[in-house]
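# Secondary and tertiary structure notes
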Amino acid sequence: EDESPLLHTRLNGPRLPPATMQDHTMQDAEMVRAVPTVPTILCCLCGTPVPASPSNMCSACIHASFDITESIPRTSAIYFCKFCNRYLQPPNTWVRADLESKELLALCLRRLRALSKLKLVDAAFKWTEPHSRRIDVRL
């Protein structure tokens, strides 16, 4: 039986070699497994395009809007005995610590109870006048 090529194409699709059909099927499967993309939205404050997030804000606006140090007190009292050169570690222990030593830094950080809720990355002393009785700590 002699089939016309046009009739065969209309009924069964074009005749392709087996390797080409296999490649075509793999391409269709790759299109189905496409990775979903994260939609891009505009920041609600500045209008910068950002990936969608629950806050709908860019990182710069988040840093400007929220202050995680609100709960940390700015000042705290540490008692120093000028006769024995020791610091009071509550409730009733006096510890010897040199200025800008890690023992004194640990004592200062323990006085700030709000730090237990936050992750401390770095702490160091800030310079003050030598005759000053202030101890400044940078967190």
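Up top you'll find the structure we're talking about.
Here's a quick rundown of the structure. (Residues numbered from 1 in each chain as written. Predicted model: local features only at pLDDT ≥ 70, side-chain atom pairs only at ≥ 80, totals over all residues. Heavy atoms only, no water.)

### Some thoughts on the overall build of the protein
When you go through the protein residue by residue, the secondary structure sums to four helices and seven strands. Every one of the 139 residues in the protein was classed for burial, and the buried ones make up 15%. Pairs at least 24 residues apart make up 22% of the contacts formed inside the protein by residues separated by at least 6 positions. Here the protein has roughly 12,000 Å² of accessible surface; of this, 57% comes from carbon and sulfur atoms. (Helix = DSSP H or I, 4+ residues; strand = E, 2+ residues; numbered from the N terminus. Buried < 20%, exposed > 50% of the residue type's maximum accessible area, 1.4 Å probe, protein only. Contact = heavy atoms within 4.5 Å. Areas by Shrake-Rupley, 256 points an atom, 1.4 Å probe, with all protein chains shown as cover.)

### What to know about the layout of surface pockets
Computed from the structure, the largest pocket encloses a volume of approximately 1,300 Å³. Cys108, Arg134, Ile135, Asp136 and Val137 are, among the 40 residues lining the largest pocket, the residues nearest its centre. Elements supplying a minimum of two residues to the lining of the largest pocket: α4 (102–111), β6 (124–126) and β7 (136–138). Looking at which element gives the most residues to the lining of the largest pocket, the answer is α4, with three residues. Across the lining of the largest pocket, the residue classes tally to 23 nonpolar, seven polar and ten charged. (1 Å grid on protein atoms, 1.4 Å probe; cavity = no way out; pocket = protein on both sides within 12 Å on 5 of 7 lines; lining within 4 Å. Points joined across faces, edges and corners; volume = space filled by probe spheres on them. Nonpolar A, V, L, I, M, F, W, Y, C, P; charged D, E, K, R; others polar.)

### Considering the sheet that holds strand β5 (residues 93–96)
The sheet built from three strands is open, its strands ordered β3-β4-β5 with antiparallel pairing. Unpaired on one side and paired on the other, β3 (80–81) and β5 mark the two borders of the sheet. Here two bridges tie β3 to strand β4 (residues 86–89), and the two strands are oriented antiparallel to one another. Pairing of Phe80 across the sheet is with Tyr87, part of β4. Along the sheet, α4 contacts β4 and β5; its crossing angle with β4, the most-contacted strand, is approximately 30°. (Pairing = 2+ DSSP bridges. Axes fitted to C-alpha atoms, helices over the stretch in contact; angles between N-to-C directions.)

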